[in-house]
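If you want the building blocks of each chain, they are given just below.
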Amino acid sequence: MSVNKLNLRYVINASGRMTKLGVSTLSDEVVSAMKHGGQHYFEMEQLHAEAGKVVAQYLHTEAAFLTNCASAAIIQSVASLITKDSQEAVHRLHDADLELNREVLIMTGHAIDYGAPIKTMIHLGGGMVKEVGNENGCTLADIEKAITDKTVAMVYVQSHYCQQNNMPKLAEVYSLLQHKEIPLIVDAAAETGFYDHRKQADLYIISGSKALKGPTSGILAGKKEFIQYVRNHQVGIGRAMKIGKEAIFGLLKAMEQYPNNERSADEQLELLQPITVLNQIEGVTVSILKDEAKRNIHRARITIGENEAKSAQDVVNLLKNGPEAIYTRDYGIAQGYFDIDPRSLQIQDIQTIVERIQHIMEG
Ligand SMILES: *Cc1c(COP(=O)(O)O)cnc(C)c1O
């Protein structure tokens, strides 16, 4: 069957970087780099070593290792801190008969589901999850009390998805754990400020396909000793999580282009401008807002008046079920609004969205 015969609906993604919609747009340069990688052969160990050096230099860490996604990086970082330099433990990672310390701490507020539960990744890496604190928060003293001689690591999620109220800051947690000699894994998969947190982590994880806009891939960076433990797993669970040569080349190119592969604030505002024409429709209000987590993202917020024939929920449903599947950012739908995130859009997509909303509200 030819690829052209796949029965697909194309998506206009106005919801942001969504893994379930294909995450990000690869630039021509990234695709060319992937073509180069895909059409040549390498000694893969050397390619890994060289790519690791480039990434480590970029992130200013001692070492780095590439995986097929950020989830794989979480799994392998947990596994590596359980097995350290034991070859036998690598081969028998999930063997219950082998006595290994497996306790991995995570604050309850960080035990998120980003499309899959992070706790599942810790289990896959051979870890036993020990939650600290509760839904309402966590203190440093709670963490200190939870540490036992079976604790091998803690996972800290640095993400705008997490509630961070009543939770200790990354720097405080890192300093406590350093004092206790427990390594800290920081999952910053979806963050843009790569340099902000990586100094407060023993193993630091980012996605290659979210902010960086590379192909599906994950980056694990940190101390040389720990990265070596991760490499040991390439003859174990790492085999199921390996990155391809084409993705390594694509990721390095994306990294080289970042952050110049992002639109400036002015470019985003210009792109969103045509949406304001919807203000002319009775009951529709458009405003342009900056990201609530203060990232360099501007969005158009479309509010549908309470007394209109169609609610905001009706409008987003109709947008999804039109000739193209238009996905909007719907966190405010219960309050009567939805947002248009421009990161994955071109000008013709904006035109389509405007026409569709005009049609829904007036037609
Ligand atoms: C997206 C995300 C992940 C998973 O990344 P994948 O590359 O899809 O495996 C993990 N943690 C957080 C906080 C994320 O946002």
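Please read all numbers here as calculations on a predicted model, not as lab measurements.

Caption draft 1: Structural context of the overall build of the protein. Scanning the protein from N- to C-terminus turns up 13 helices and twelve strands. For 363 residues, the compact-globule estimate of 2.2 N^0.38 gives 21 Å, and the C-alpha radius of gyration of the protein, at 23 Å, lies within 12% of that figure. Considering only C-alpha atoms, the protein reaches an extent of 70 × 50 × 40 Å along its principal axes. By sequence separation, contacts in the protein at least 24 residues apart represent 70% of the contacts at least 6 residues apart. For the protein, the accessible surface area stands at approximately 18,100 Å², while carbon and sulfur atoms represent 49% of it.

Caption draft 2: Fine view of the site of the ligand. Near the ligand you find C69, A70, S71, I112, Y114, V157, Y161, D187, A189, A190 and K210, and these make up its full shell. Contacts to the ligand include S71, whose side-chain N or O atom sits 2.6 Å from an oxygen atom. At 2.6 Å, a side-chain N or O of D187 approaches a nitrogen atom of the ligand. Bound to the protein, the ligand loses 92% of the 390 Å² it would expose on its own.

Caption draft 3: Structural context of the nonpolar core. Of all hydrophobic cores here, the largest spans 40 residues; its most connected members are I143, L184 and I219. In terms of nonpolar packing, the next biggest core, distinct from the first, is built from 34 residues, L81, L93, I112 and Y229 among them.

Caption draft 4: Broad picture of the sheet that holds strand β10 (residues 298-304). The sheet built from three strands is open, its strands ordered β9-β10-β12 with antiparallel pairing. Where the open sheet ends on each side, the last strands, each with one partner, are β9 (284-290) and β12 (337-340). Sheet twist, expressed as the mean angle between neighbouring strand axes with direction ignored, is 25°. Pairing analysis gives seven bridges linking β9 to β10, with the strands arranged antiparallel. Looking at β10, one finds that V286 is bridged to I302. Each of β10 and β12 touches helix α12 (residues 312-320); the most contacted strand, β12, lies at about 40° to it.

Caption draft 5: Structural detail: the pattern of salt bridges. The tally for this structure, following the rule as stated, stands at 17 salt bridges. In this structure, D95 engages R92 in a salt bridge whose closest nitrogen and oxygen atoms are separated by 2.9 Å. Classification of D95 by relative accessible area gives partly exposed; the value is 24%. Judged by its relative accessible area of 27%, R92 falls in the partly exposed class. Ionic pairing is found between K320 and D330, a salt bridge with its closest N-O pair at 3.5 Å. Of this pair, K320 sits in helix α12 while D330 is found in the loop between β11 (325-328) and β12, placing the two residues ten residues apart along the sequence. K320 sits in the partly exposed class, given a relative accessible area of 22%.

Caption draft 6: Region of interest: the environment of I185. Considering the arrangement of structural elements, one finds I185 in strand β6 (residues 184-187). Each C-alpha atom, one on I185 and one on Y174, is 9.6 Å from the other, the two residues being eleven residues apart in sequence.

Caption draft 7: Main features of a nonpolar patch on the surface. Among the surface-exposed residues, L6, L8 and Y10 lie close enough to one another that they form a single nonpolar patch of about 360 Å² accessible area. Position of Y10 among the secondary structure elements: in the segment before β1 (11-14).

Caption draft 8: Structural context of the sheet that holds strand β2 (residues 63-67). The sheet built from seven strands is open, its strands ordered β2-β8-β7-β6-β5-β3-β4 with mixed pairing. Strand pairing shows two members of the sheet lacking a second neighbour, β2 and β4 (128-132), which therefore form its edges. Here the strands of the sheet are splayed against their neighbours by 25° on average, with no regard to which way each runs. Helix α2 (residues 44-59) rests against β2, β7 (203-207) and β8 (218-222) of the sheet, and its axis sits at about 120° to β2.

Criteria and thresholds
Residues numbered from 1 in each chain as written. Predicted model: local features only at pLDDT ≥ 70, side-chain atom pairs only at ≥ 80, totals over all residues. Heavy atoms only, no water. Helix = DSSP H or I, 4+ residues; strand = E, 2+ residues; numbered from the N terminus. Rg over C-alpha atoms; globule rule 2.2 N^0.38 Å. Contact = heavy atoms within 4.5 Å. Areas by Shrake-Rupley, 256 points an atom, 1.4 Å probe, with all protein chains shown as cover. Near = heavy atom within 4 Å. Polar contact = N/O pair within 3.5 Å; in protein donor to acceptor, adjacent residues only side chain to side chain. Core = buried A, V, L, I, M, F, W, Y, C linked by side-chain atoms within 4.5 Å. Buried < 20%, exposed > 50% of the residue type's maximum accessible area, 1.4 Å probe, protein only. Pairing = 2+ DSSP bridges. Axes fitted to C-alpha atoms, helices over the stretch in contact; angles between N-to-C directions. Salt bridge = Lys/Arg side-chain N within 4 Å of Asp/Glu carboxyl O. Patch = residues over 30% accessible without salt bridge, like charges linked within 9 Å, V, L, I, M, F, W, Y side chains within 5 Å.

Spatial relationships are all this shows, so hold off on functional conclusions.
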